[in-house]
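Analysis of the macromolecular model
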Amino acid sequence: MKDPLTRRGFIRNAAVSSATLTWLGAQHVPQAYAADAAKPVLLGGAPVHQGGWSTWPTWRESWEPAIIDVLRSGKWFRGDGGHVAEFEAAYAKLLEAKRCLATASGTTALLVSLHVMDVDAGDEVIVSPYTFIATYNAVLQNKALPVFADTDPATLTIDPASIESRITSRTRAILPVHIYGMPCHMDPINALARKHKLAVIEDACQAWLAEYQGRKCGTLGDLACFSFQNSKHIPAGEGGAVTGNSDELLDRCHAFHNVGRATGSFQGAQQFFTRGSNYRMQQFQAVLLLQQFEKLVQETARRRDNADWLGTHLKQIPGIQPARLPENSRAVWHLYPFRYDAEHFHGLTRDRFLQALNAEGIPCSGGYHEQYFDGLLDEAIRSRGFKRLFTAQRLKAYRESFQELKGNRQVCATTVALPQNLLLAGRHEMGHIVEAIHKIQAHSAALAKG
Ligand SMILES: Cc1ncc(COP(=O)(O)O)c(C=O)c1O
(Lines give C-alpha, C1' and ligand atoms only; values in the text may rest on other atoms or scores of the structure.)
Protein backbone atom coordinates (compact mmCIF):
# COMPACT_ATOMS: atom_id res chain seq x y z
CA MET A 1 0.00 0.00 0.00
CA LYS A 2 1.08 3.57 -0.65
CA ASP A 3 2.57 5.35 2.36
CA PRO A 4 -0.06 7.91 3.43
CA LEU A 5 2.31 10.12 5.37
CA THR A 6 2.89 12.51 2.52
CA ARG A 7 4.72 15.69 3.27
CA ARG A 8 1.74 17.90 2.37
CA GLY A 9 -0.70 15.98 4.50
CA PHE A 10 1.58 16.09 7.46
CA ILE A 11 2.48 19.74 7.17
CA ARG A 12 -1.19 20.65 6.93
CA ASN A 13 -1.79 19.19 10.33
CA ALA A 14 1.31 19.51 12.42
CA ALA A 15 3.40 22.29 13.74
CA VAL A 16 7.14 21.93 13.81
CA SER A 17 8.75 20.38 16.85
CA SER A 18 12.14 18.84 17.15
CA ALA A 19 10.46 15.43 17.25
CA THR A 20 8.63 16.19 14.03
CA LEU A 21 11.77 17.33 12.35
CA THR A 22 13.54 14.13 13.32
CA TRP A 23 10.70 12.09 11.95
CA LEU A 24 10.37 13.80 8.58
CA GLY A 25 13.96 14.73 8.02
CA ALA A 26 14.40 18.39 8.98
CA GLN A 27 15.64 19.52 5.62
CA HIS A 28 12.26 18.68 4.00
CA VAL A 29 10.01 20.93 6.11
CA PRO A 30 9.29 24.35 4.63
CA GLN A 31 8.87 26.80 7.53
CA ALA A 32 6.04 28.76 5.87
CA TYR A 33 3.76 25.73 5.76
CA ALA A 34 4.67 24.72 9.28
CA ALA A 35 3.69 28.09 10.66
CA ASP A 36 0.14 27.57 9.27
CA ALA A 37 -0.20 24.15 10.76
CA ALA A 38 -3.52 23.27 12.36
CA LYS A 39 -3.83 23.13 16.10
CA PRO A 40 -4.96 20.09 18.08
CA VAL A 41 -8.72 19.92 18.57
CA LEU A 42 -8.29 20.64 22.28
CA LEU A 43 -6.69 23.95 21.33
CA GLY A 44 -9.34 24.86 18.79
CA GLY A 45 -8.09 23.04 15.65
CA ALA A 46 -9.78 20.50 13.37
CA PRO A 47 -9.53 16.72 13.93
CA VAL A 48 -6.97 14.78 11.88
CA HIS A 49 -9.45 11.95 11.32
CA GLN A 50 -13.02 12.89 10.47
CA GLY A 51 -14.40 9.81 8.75
CA GLY A 52 -15.30 7.52 11.67
CA TRP A 53 -14.24 3.87 11.84
CA SER A 54 -15.90 0.58 11.02
CA THR A 55 -18.38 -0.69 13.56
CA TRP A 56 -18.07 -4.04 15.30
CA PRO A 57 -19.23 -6.76 15.00
CA THR A 58 -19.91 -7.06 11.28
CA TRP A 59 -21.77 -9.85 9.46
CA ARG A 60 -22.56 -11.03 5.96
CA GLU A 61 -25.99 -11.70 4.55
CA SER A 62 -24.67 -15.01 3.26
CA TRP A 63 -24.59 -16.27 6.87
CA GLU A 64 -28.34 -15.91 7.31
CA PRO A 65 -29.65 -19.16 5.74
CA ALA A 66 -27.58 -21.39 8.04
CA ILE A 67 -28.85 -19.50 11.09
CA ILE A 68 -32.46 -19.73 9.90
CA ASP A 69 -31.96 -23.48 9.31
CA VAL A 70 -30.98 -23.96 12.96
CA LEU A 71 -33.93 -21.85 14.05
CA ARG A 72 -36.42 -23.87 12.00
CA SER A 73 -34.92 -27.23 12.96
CA GLY A 74 -35.67 -26.72 16.66
CA LYS A 75 -32.31 -28.41 17.33
CA TRP A 76 -30.84 -25.66 19.43
CA PHE A 77 -29.08 -27.78 22.02
CA ARG A 78 -25.68 -29.32 21.33
CA GLY A 79 -26.98 -32.79 22.10
CA ASP A 80 -29.43 -32.50 19.20
CA GLY A 81 -27.13 -32.01 16.28
CA GLY A 82 -23.78 -31.47 14.84
CA HIS A 83 -22.94 -27.77 14.58
CA VAL A 84 -21.15 -27.51 17.91
CA ALA A 85 -19.13 -30.66 17.22
CA GLU A 86 -18.46 -29.42 13.69
CA PHE A 87 -17.16 -26.13 15.11
CA GLU A 88 -14.95 -27.98 17.59
CA ALA A 89 -13.32 -30.03 14.84
CA ALA A 90 -12.85 -26.97 12.60
CA TYR A 91 -11.42 -24.75 15.34
CA ALA A 92 -8.98 -27.46 16.45
CA LYS A 93 -7.86 -27.81 12.83
CA LEU A 94 -7.43 -24.05 12.45
CA LEU A 95 -5.14 -23.93 15.50
CA GLU A 96 -3.44 -27.26 14.70
CA ALA A 97 -4.55 -28.45 18.14
CA LYS A 98 -5.56 -32.06 18.71
CA ARG A 99 -8.87 -31.24 20.33
CA CYS A 100 -11.30 -28.43 21.09
CA LEU A 101 -14.28 -28.25 23.40
CA ALA A 102 -16.79 -25.46 22.79
CA THR A 103 -18.14 -23.72 25.89
CA ALA A 104 -20.70 -21.05 26.74
CA SER A 105 -18.03 -18.35 27.24
CA GLY A 106 -14.34 -17.70 27.85
CA THR A 107 -15.02 -17.56 31.58
CA THR A 108 -16.60 -21.02 31.57
CA ALA A 109 -13.67 -22.30 29.47
CA LEU A 110 -11.38 -21.08 32.28
CA LEU A 111 -13.57 -22.70 34.94
CA VAL A 112 -13.51 -26.03 33.09
CA SER A 113 -9.73 -25.89 32.61
CA LEU A 114 -8.96 -24.96 36.21
CA HIS A 115 -11.17 -27.80 37.48
CA VAL A 116 -9.66 -30.36 35.13
CA MET A 117 -6.11 -29.27 36.00
CA ASP A 118 -7.10 -29.97 39.62
CA VAL A 119 -7.05 -26.44 40.97
CA ASP A 120 -8.91 -26.94 44.23
CA ALA A 121 -10.05 -24.93 47.24
CA GLY A 122 -7.02 -23.54 49.09
CA ASP A 123 -4.67 -23.78 46.09
CA GLU A 124 -2.77 -20.93 44.47
CA VAL A 125 -2.53 -20.09 40.78
CA ILE A 126 0.11 -17.75 39.37
CA VAL A 127 -1.67 -15.28 37.12
CA SER A 128 -0.84 -12.37 34.80
CA PRO A 129 -2.20 -9.27 36.56
CA TYR A 130 -2.57 -7.40 33.27
CA THR A 131 -5.77 -8.99 32.00
CA PHE A 132 -9.53 -8.77 31.85
CA ILE A 133 -11.04 -9.30 35.30
CA ALA A 134 -12.54 -12.68 34.30
CA THR A 135 -9.10 -14.26 34.68
CA TYR A 136 -8.97 -13.28 38.38
CA ASN A 137 -12.59 -14.27 38.93
CA ALA A 138 -12.22 -17.76 37.46
CA VAL A 139 -9.47 -18.58 39.96
CA LEU A 140 -11.48 -17.10 42.84
CA GLN A 141 -14.54 -19.14 41.82
CA ASN A 142 -12.47 -22.25 42.47
CA LYS A 143 -11.70 -20.85 45.95
CA ALA A 144 -8.07 -20.55 44.95
CA LEU A 145 -5.84 -17.47 45.26
CA PRO A 146 -4.79 -15.68 42.06
CA VAL A 147 -1.16 -14.86 42.90
CA PHE A 148 0.13 -12.16 40.58
CA ALA A 149 3.46 -12.39 38.85
CA ASP A 150 4.72 -9.08 37.50
CA THR A 151 4.18 -7.67 34.02
CA ASP A 152 7.15 -7.00 31.76
CA PRO A 153 6.77 -3.34 30.71
CA ALA A 154 8.39 -4.08 27.36
CA THR A 155 5.97 -6.85 26.37
CA LEU A 156 2.89 -6.13 28.57
CA THR A 157 2.70 -9.88 29.25
CA ILE A 158 3.76 -11.90 32.31
CA ASP A 159 7.45 -11.53 33.16
CA PRO A 160 8.69 -15.15 33.35
CA ALA A 161 11.54 -14.04 35.65
CA SER A 162 9.00 -12.96 38.28
CA ILE A 163 7.20 -16.31 38.52
CA GLU A 164 9.48 -18.63 40.49
CA SER A 165 9.68 -16.48 43.64
CA ARG A 166 5.88 -16.66 43.87
CA ILE A 167 5.64 -20.44 43.84
CA THR A 168 4.60 -21.97 47.20
CA SER A 169 3.65 -25.47 48.31
CA ARG A 170 0.04 -24.53 47.41
CA THR A 171 0.75 -23.50 43.81
CA ARG A 172 -0.99 -25.78 41.28
CA ALA A 173 -0.90 -23.89 38.00
CA ILE A 174 0.44 -20.96 36.01
CA LEU A 175 -2.12 -18.93 34.05
CA PRO A 176 -0.34 -16.69 31.53
CA VAL A 177 -2.54 -14.35 29.47
CA HIS A 178 -1.75 -13.56 25.83
CA ILE A 179 -3.11 -10.09 26.36
CA TYR A 180 -4.31 -8.06 23.37
CA GLY A 181 -3.41 -11.13 21.29
CA MET A 182 0.33 -10.84 22.07
CA PRO A 183 1.85 -14.24 22.89
CA CYS A 184 3.56 -14.66 26.27
CA HIS A 185 7.12 -15.92 26.31
CA MET A 186 6.03 -19.53 26.87
CA ASP A 187 9.34 -21.47 26.86
CA PRO A 188 10.57 -20.25 30.26
CA ILE A 189 7.03 -20.56 31.66
CA ASN A 190 6.73 -24.18 30.53
CA ALA A 191 10.25 -24.93 31.84
CA LEU A 192 9.30 -23.60 35.29
CA ALA A 193 6.06 -25.57 35.22
CA ARG A 194 7.96 -28.78 34.44
CA LYS A 195 10.51 -28.06 37.19
CA HIS A 196 7.82 -27.47 39.85
CA LYS A 197 5.24 -29.95 38.43
CA LEU A 198 2.63 -27.26 37.74
CA ALA A 199 -0.08 -27.13 35.12
CA VAL A 200 -0.03 -24.41 32.46
CA ILE A 201 -3.37 -22.99 31.33
CA GLU A 202 -3.13 -20.36 28.61
CA ASP A 203 -5.66 -17.56 28.77
CA ALA A 204 -5.87 -17.13 24.99
CA CYS A 205 -9.25 -15.38 25.19
CA GLN A 206 -7.85 -12.53 23.04
CA ALA A 207 -5.40 -14.57 20.97
CA TRP A 208 -7.20 -16.35 18.12
CA LEU A 209 -4.46 -17.30 15.57
CA ALA A 210 -1.62 -15.65 17.51
CA GLU A 211 1.66 -17.57 17.14
CA TYR A 212 4.62 -18.25 19.37
CA GLN A 213 7.67 -19.73 17.71
CA GLY A 214 5.68 -21.19 14.87
CA ARG A 215 2.92 -22.68 17.02
CA LYS A 216 -0.50 -21.23 17.63
CA CYS A 217 -1.51 -19.91 21.03
CA GLY A 218 -3.93 -22.51 22.33
CA THR A 219 -1.46 -25.36 21.82
CA LEU A 220 1.37 -24.18 24.09
CA GLY A 221 0.30 -25.33 27.58
CA ASP A 222 -1.76 -28.19 29.02
CA LEU A 223 -5.05 -26.48 28.17
CA ALA A 224 -5.99 -23.11 26.69
CA CYS A 225 -9.10 -20.94 26.80
CA PHE A 226 -10.69 -18.73 24.14
CA SER A 227 -13.56 -16.25 24.19
CA PHE A 228 -16.02 -15.51 21.37
CA GLN A 229 -17.84 -12.71 23.21
CA ASN A 230 -19.23 -9.90 21.05
CA SER A 231 -16.14 -7.67 21.01
CA LYS A 232 -13.83 -10.51 19.98
CA HIS A 233 -12.30 -11.10 16.53
CA ILE A 234 -14.56 -14.11 16.02
CA PRO A 235 -17.71 -13.20 17.96
CA ALA A 236 -20.95 -15.02 18.68
CA GLY A 237 -22.44 -12.75 21.34
CA GLU A 238 -21.06 -15.16 23.92
CA GLY A 239 -19.02 -18.30 23.47
CA GLY A 240 -15.77 -19.94 24.38
CA ALA A 241 -13.49 -22.91 23.82
CA VAL A 242 -10.91 -25.05 25.55
CA THR A 243 -8.16 -26.42 23.33
CA GLY A 244 -5.35 -28.86 23.96
CA ASN A 245 -3.37 -31.82 22.71
CA SER A 246 -4.41 -34.45 25.26
CA ASP A 247 -7.44 -36.66 24.61
CA GLU A 248 -7.57 -37.56 28.27
CA LEU A 249 -7.73 -33.93 29.44
CA LEU A 250 -10.25 -32.95 26.77
CA ASP A 251 -12.50 -35.90 27.67
CA ARG A 252 -12.42 -34.71 31.27
CA CYS A 253 -13.23 -31.16 30.13
CA HIS A 254 -16.16 -32.45 28.10
CA ALA A 255 -17.53 -34.40 31.04
CA PHE A 256 -17.21 -31.46 33.44
CA HIS A 257 -18.89 -28.99 31.07
CA ASN A 258 -21.74 -31.45 30.49
CA VAL A 259 -22.93 -32.04 34.09
CA GLY A 260 -20.38 -34.81 34.62
CA ARG A 261 -21.56 -37.20 31.89
CA ALA A 262 -19.02 -39.84 30.91
CA THR A 263 -17.06 -38.87 27.80
CA GLY A 264 -14.60 -40.89 25.71
CA SER A 265 -11.97 -42.44 27.95
CA PHE A 266 -13.36 -40.70 31.04
CA GLN A 267 -15.89 -43.22 32.38
CA GLY A 268 -17.00 -44.38 35.83
CA ALA A 269 -18.82 -47.36 37.28
CA GLN A 270 -21.93 -45.27 38.11
CA GLN A 271 -23.78 -42.60 36.13
CA PHE A 272 -22.81 -39.73 38.44
CA PHE A 273 -19.20 -40.72 38.96
CA THR A 274 -17.76 -37.21 38.61
CA ARG A 275 -18.66 -33.58 39.30
CA GLY A 276 -19.80 -31.27 36.54
CA SER A 277 -21.77 -28.22 35.55
CA ASN A 278 -23.57 -26.91 32.48
CA TYR A 279 -21.19 -24.81 30.41
CA ARG A 280 -22.39 -25.97 26.98
CA MET A 281 -22.37 -23.91 23.80
CA GLN A 282 -25.61 -23.54 21.83
CA GLN A 283 -26.06 -24.48 18.17
CA PHE A 284 -26.75 -20.83 17.24
CA GLN A 285 -23.38 -19.79 18.60
CA ALA A 286 -21.63 -22.59 16.71
CA VAL A 287 -23.25 -21.87 13.39
CA LEU A 288 -22.37 -18.19 13.68
CA LEU A 289 -18.76 -19.02 14.53
CA LEU A 290 -18.38 -21.64 11.78
CA GLN A 291 -19.06 -19.05 9.13
CA GLN A 292 -16.44 -16.59 10.34
CA PHE A 293 -13.24 -18.56 9.83
CA GLU A 294 -12.38 -17.05 6.47
CA LYS A 295 -13.21 -13.56 7.75
CA LEU A 296 -11.05 -14.11 10.83
CA VAL A 297 -8.07 -15.19 8.72
CA GLN A 298 -8.44 -12.25 6.31
CA GLU A 299 -8.96 -9.66 9.03
CA THR A 300 -6.08 -11.02 11.09
CA ALA A 301 -3.77 -10.54 8.11
CA ARG A 302 -5.00 -6.98 7.68
CA ARG A 303 -4.61 -6.11 11.36
CA ARG A 304 -1.08 -7.53 11.32
CA ASP A 305 -0.13 -5.63 8.23
CA ASN A 306 -1.40 -2.34 9.65
CA ALA A 307 0.12 -3.04 13.08
CA ASP A 308 3.53 -3.68 11.48
CA TRP A 309 3.27 -0.40 9.60
CA LEU A 310 2.15 1.48 12.73
CA GLY A 311 4.96 -0.05 14.79
CA THR A 312 7.56 1.09 12.28
CA HIS A 313 6.29 4.66 12.33
CA LEU A 314 5.33 4.98 15.99
CA LYS A 315 8.67 3.82 17.33
CA GLN A 316 10.29 6.77 15.55
CA ILE A 317 8.32 9.19 17.73
CA PRO A 318 10.25 10.03 20.90
CA GLY A 319 8.20 8.93 23.92
CA ILE A 320 6.15 6.30 22.05
CA GLN A 321 7.16 2.68 22.53
CA PRO A 322 5.24 -0.11 20.78
CA ALA A 323 5.13 -3.44 22.63
CA ARG A 324 7.90 -5.98 22.01
CA LEU A 325 6.91 -9.52 21.01
CA PRO A 326 8.88 -12.68 21.81
CA GLU A 327 11.14 -13.72 18.95
CA ASN A 328 9.52 -15.54 16.05
CA SER A 329 6.02 -14.66 17.28
CA ARG A 330 2.99 -13.01 15.71
CA ALA A 331 0.33 -11.10 17.56
CA VAL A 332 -3.27 -10.61 16.45
CA TRP A 333 -3.88 -7.24 18.14
CA HIS A 334 -7.18 -7.36 19.96
CA LEU A 335 -6.05 -3.92 21.04
CA TYR A 336 -2.96 -2.25 19.63
CA PRO A 337 -0.98 -0.94 22.62
CA PHE A 338 1.99 1.35 22.98
CA ARG A 339 3.65 2.88 26.03
CA TYR A 340 3.56 6.63 26.41
CA ASP A 341 6.31 8.64 28.07
CA ALA A 342 5.05 12.07 29.16
CA GLU A 343 8.61 13.40 29.46
CA HIS A 344 8.81 13.61 25.68
CA PHE A 345 5.49 15.50 25.61
CA HIS A 346 6.37 18.35 28.00
CA GLY A 347 4.83 16.43 30.92
CA LEU A 348 1.42 16.10 29.21
CA THR A 349 -0.28 13.46 31.37
CA ARG A 350 -1.32 10.14 29.84
CA ASP A 351 -4.99 10.99 30.52
CA ARG A 352 -4.72 14.33 28.78
CA PHE A 353 -2.88 12.64 25.88
CA LEU A 354 -5.78 10.15 25.61
CA GLN A 355 -8.25 13.02 25.62
CA ALA A 356 -6.29 14.82 22.91
CA LEU A 357 -5.95 11.71 20.73
CA ASN A 358 -9.65 10.88 21.06
CA ALA A 359 -10.47 14.45 20.12
CA GLU A 360 -8.41 14.01 16.93
CA GLY A 361 -10.84 11.24 15.92
CA ILE A 362 -8.58 8.38 17.05
CA PRO A 363 -10.47 6.26 19.62
CA CYS A 364 -8.12 5.07 22.37
CA SER A 365 -8.06 4.11 26.03
CA GLY A 366 -5.58 3.53 28.82
CA GLY A 367 -6.04 -0.27 28.79
CA TYR A 368 -6.28 -2.11 32.13
CA HIS A 369 -5.72 -0.42 35.48
CA GLU A 370 -4.46 -1.90 38.76
CA GLN A 371 -7.61 -3.91 39.29
CA TYR A 372 -6.28 -5.75 42.34
CA PHE A 373 -6.87 -2.54 44.32
CA ASP A 374 -10.53 -2.31 43.28
CA GLY A 375 -11.93 -4.37 46.13
CA LEU A 376 -12.81 -7.79 44.70
CA LEU A 377 -9.72 -9.42 46.18
CA ASP A 378 -10.29 -7.72 49.55
CA GLU A 379 -13.83 -9.05 49.49
CA ALA A 380 -12.59 -12.54 48.64
CA ILE A 381 -9.91 -12.68 51.33
CA ARG A 382 -12.36 -11.36 53.94
CA SER A 383 -14.88 -14.08 53.08
CA ARG A 384 -15.54 -17.00 55.45
CA GLY A 385 -14.38 -19.50 52.85
CA PHE A 386 -10.99 -17.92 52.18
CA LYS A 387 -10.40 -17.40 55.90
CA ARG A 388 -11.00 -21.11 56.44
CA LEU A 389 -8.73 -22.08 53.58
CA PHE A 390 -5.72 -19.79 54.17
CA THR A 391 -3.94 -18.60 57.30
CA ALA A 392 -4.32 -14.94 58.32
CA GLN A 393 -0.58 -14.58 57.80
CA ARG A 394 -0.79 -15.85 54.22
CA LEU A 395 -3.70 -13.57 53.36
CA LYS A 396 -1.90 -10.54 54.83
CA ALA A 397 1.27 -11.29 52.84
CA TYR A 398 -0.86 -11.89 49.74
CA ARG A 399 -2.54 -8.50 50.07
CA GLU A 400 0.80 -6.77 50.62
CA SER A 401 2.32 -8.44 47.58
CA PHE A 402 0.20 -6.25 45.24
CA GLN A 403 2.55 -3.38 46.10
CA GLU A 404 5.45 -5.31 44.57
CA LEU A 405 3.98 -5.30 41.06
CA LYS A 406 6.14 -2.43 39.86
CA GLY A 407 6.22 -3.50 36.21
CA ASN A 408 2.46 -3.85 36.13
CA ARG A 409 1.98 -0.47 37.81
CA GLN A 410 4.14 1.13 35.15
CA VAL A 411 2.23 -0.58 32.35
CA CYS A 412 -1.14 0.44 33.80
CA ALA A 413 0.01 4.06 34.15
CA THR A 414 1.60 4.50 30.72
CA THR A 415 -0.21 2.33 28.18
CA VAL A 416 -2.30 3.73 25.36
CA ALA A 417 -4.41 1.19 23.48
CA LEU A 418 -6.20 1.46 20.14
CA PRO A 419 -9.22 -0.79 19.49
CA GLN A 420 -8.88 -3.59 16.93
CA ASN A 421 -11.39 -2.16 14.44
CA LEU A 422 -9.02 0.74 13.73
CA LEU A 423 -6.56 -1.79 12.30
CA LEU A 424 -9.17 -2.88 9.75
CA ALA A 425 -9.03 0.51 8.02
CA GLY A 426 -6.64 1.44 5.19
CA ARG A 427 -3.13 2.88 5.23
CA HIS A 428 -4.49 6.37 4.81
CA GLU A 429 -6.26 6.04 8.16
CA MET A 430 -3.17 4.49 9.78
CA GLY A 431 -1.41 7.63 8.64
CA HIS A 432 -3.98 9.67 10.54
CA ILE A 433 -3.07 7.87 13.78
CA VAL A 434 0.61 8.71 13.39
CA GLU A 435 -0.15 12.23 12.23
CA ALA A 436 -2.42 12.88 15.22
CA ILE A 437 0.30 11.81 17.66
CA HIS A 438 2.85 14.06 15.95
CA LYS A 439 0.40 16.93 16.11
CA ILE A 440 -0.18 16.39 19.85
CA GLN A 441 3.56 16.18 20.44
CA ALA A 442 4.20 19.36 18.49
CA HIS A 443 1.68 21.21 20.69
CA SER A 444 2.31 19.28 23.89
CA ALA A 445 3.69 22.25 25.82
CA ALA A 446 0.46 24.22 25.28
CA LEU A 447 -1.71 21.14 25.87
CA ALA A 448 0.08 20.39 29.13
CA LYS A 449 -0.71 23.89 30.40
CA GLY A 450 -4.41 23.72 29.46
C1 LIG B 1 -8.16 -12.13 28.75
C2 LIG B 1 -9.58 -12.59 28.93
N3 LIG B 1 -9.83 -13.62 29.75
C4 LIG B 1 -11.08 -14.07 29.92
C5 LIG B 1 -12.16 -13.50 29.29
C6 LIG B 1 -13.54 -14.02 29.57
O7 LIG B 1 -14.22 -14.34 28.42
P8 LIG B 1 -15.83 -14.20 28.34
O9 LIG B 1 -16.16 -12.76 28.37
O10 LIG B 1 -16.16 -14.85 27.04
O11 LIG B 1 -16.38 -14.94 29.49
C12 LIG B 1 -11.94 -12.44 28.43
C13 LIG B 1 -13.07 -11.80 27.72
O14 LIG B 1 -13.13 -10.62 27.53
C15 LIG B 1 -10.63 -11.96 28.24
O16 LIG B 1 -10.39 -10.92 27.44
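One can find the structure itself at the top, above this paragraph.
As the structure is a computational prediction, the values presented were derived from the model and not from experiment. (Residues numbered from 1 in each chain as written. Predicted model: local features only at pLDDT ≥ 70, side-chain atom pairs only at ≥ 80, totals over all residues. Heavy atoms only, no water.)

Considerations on the site of the ligand
Applied cut-off: Definition of nearness: a residue and a molecule or strand are near each other if at least one heavy atom of the residue lies within 4 Å of the molecule or strand. Here a polar contact is recorded for every N or O atom pair within 3.5 Å, except that within protein the pair must consist of a potential hydrogen donor and a potential acceptor, and residues adjacent in sequence are included only if both atoms are side-chain atoms. Where accessible areas are quoted, they stem from the Shrake-Rupley method and a 1.4 Å probe; at the residue level, only the protein chains shown are allowed to cover. Helical segments are the DSSP runs of H or I of at least four residues, strand segments are the runs of E of at least two, and each set is numbered from the N terminus. Under the convention adopted here, Pro, Cys and the residues Ala, Val, Leu, Ile, Met, Phe, Trp and Tyr are nonpolar, Asp, Glu, Lys and Arg are charged, and Gly plus all remaining residues are polar.
Neighbouring the ligand are 16 residues; Gly-106, Thr-107, Asp-203, Ser-227 and Lys-232 lie closest to it. Gln-206 has a polar side-chain atom sitting 2.8 Å from an oxygen atom of the ligand. Within the complex, 93% of the 390 Å² of free accessible area of the ligand lies under protein. The leading source of residues in the shell around the ligand is helix H6 (residues 106-116), at 3 residues. Among the residues making up the shell around the ligand, the classes are represented as 5 nonpolar, 9 polar and 2 charged.

Considering the sheet that holds strand S13 (residues 415-419)
Our working rule: Any two strands are treated as partners once DSSP identifies two or more bridges connecting them. Note on definitions: angles span 0 to 180 degrees between N-to-C directions of axes, and those axes are lines fitted to C-alpha atoms, for helices only across the stretch in contact. Whether two residues are in contact is decided by their heavy atoms: any pair within 4.5 Å suffices.
Spatially, the 3 strands line up as an open sheet ordered S10-S12-S13, and their pairing is antiparallel. Of all strands in the sheet, those with a lone pairing partner are strand S10 (320-322) and S13, marking the two edges. Each strand axis lies, on average, 30 degrees off the axis of its neighbour in the sheet, ignoring direction. Here helix H12 (residues 350-359) sits on the sheet in contact with S10, strand S12 (335-340) and S13, set at roughly 25 degrees to S13.

Describing the sheet that holds strand S3 (residues 145-148)
As summarised here, the arrangement of the 7 strands in space is S1-S9-S8-S5-S4-S2-S3, forming an open sheet in which the pairing is mixed. Looking along the sheet, the strands with just one partner apiece sit at the ends: strand S1 (99-103) and S3. Across the sheet, the mean angle from the axis of one strand to that of its neighbour is 25 degrees, orientation sign disregarded. Sheet analysis places strand S2 (residues 124-127) next to strand S4 (residues 171-175), joined by 4 bridges and oriented parallel. When the sheet's bridge partners are listed, Ile-126 is paired in S4 with Ile-174.

Examining the packing of aromatic side chains
Given two aromatic rings, one states the distance between the centres and the angle between the planes to describe the pair. Threshold: Any two rings among Phe, Tyr and Trp, with Trp reduced to its six-membered ring, count as a pair given centres within 6.5 Å; such a pair is stacked if its planes are under 30 degrees apart, edge-to-face if over 60, and tilted if neither.
Tallying each qualifying case throughout the model produces 25 aromatic pairs. Ring plane angle 85 degrees and centroid distance 6.3 Å describe the contact between Tyr-91 and Phe-293, whose orientation is recorded as edge-to-face. With a gap of 202 residues between them, Tyr-91 in helix H5 (residues 83-95) and Phe-293 in helix H11 (residues 293-314) connect regions that are remote in the sequence. Here a set of aromatic residues connected by ring pairs shows up, and it is made of Tyr-136, Phe-148, Tyr-372, Phe-373, Tyr-398 and Phe-402.

Quick look at the environment of Phe-273
Rules: A simple rule labels every residue: compare its accessible area, found with a 1.4 Å probe on the protein chains alone, to the largest value its type can have, and call it buried under 20%, exposed over 50%, or partly exposed in between.
Summarising the element assignment, Phe-273 is placed in the loop between helix H9 (247-257) and helix H10 (283-290). Among the residues examined, Phe-273 registers a relative accessible area of 24% and is labelled partly exposed. Residues Phe-273 and Thr-243, spaced 30 residues apart in sequence, show a C-alpha to C-alpha distance of 24 Å.

Considerations on the side chain of Arg-350
Among the secondary structure elements, Arg-350 is positioned in helix H12. Under the relative-accessibility criterion, Arg-350 is labelled buried at 16%. Among all residues touching Arg-350, those that are not within four sequence positions of it are Tyr-340, Gly-366, Cys-412, Ala-413, Thr-414, Thr-415 and Val-416.

Topic: the nonpolar core
In plain terms, the rule: Each nonpolar core is a collection of buried residues, namely Ala, Val, Leu, Ile, Met, Phe, Trp, Tyr and Cys, held together in the definition by side-chain atoms within 4.5 Å.
Core analysis: the biggest nonpolar cluster contains 45 residues, and Leu-310, Phe-353, Leu-357, Leu-418 and Ile-437 have the highest contact counts within it. With 6 residues, the single largest contributor to this core is helix H17 (residues 427-442). Every residue in contact with Leu-418, bar those within four places of it in the chain, is listed here: Leu-310, Leu-335, Tyr-336, Phe-338, Leu-357, Ile-362, Pro-363, Cys-364 and Ile-433.

Things to note about helix H16 (residues 406-414)
Each α-helix winds once per 3.6 residues, and so residues spaced three or four apart point in a common direction. Of all the residues in H16, the buried ones are Gly-407, Asn-408, Val-411, Cys-412 and Thr-414. Contacts from the buried residues of H16 go to S12, H12 and S13.

Observations regarding the state of the cysteines
Put simply, the rule is: Pairs of cysteine sulfur atoms within 2.5 Å are what we label disulfides.
The final tally for this structure, using the stated rule, is 0 disulfides. Considering cysteine sulfurs only, Cys-205 is the nearest to Cys-225, which forms no disulfide, with 6.0 Å between them. Cys-253 takes part in no disulfide bond, and the closest cysteine sulfur to it belongs to Cys-225, at a distance of 8.2 Å. A relative accessible area of 0% means that Cys-253 is categorised as buried.

Focus on unusual backbone geometry
Residue Pro-57 is reached from Trp-56 by a cis peptide bond, and omega for that bond is 0 degrees. With respect to the secondary-structure elements, Pro-57 resides in the loop between helix H3 (31-35) and helix H4 (64-73). Phi at Asn-328 is positive, roughly 55 degrees, even though this residue is not glycine. Tracing the chain through its elements places Asn-328 in the loop between S10 and strand S11 (329-330).

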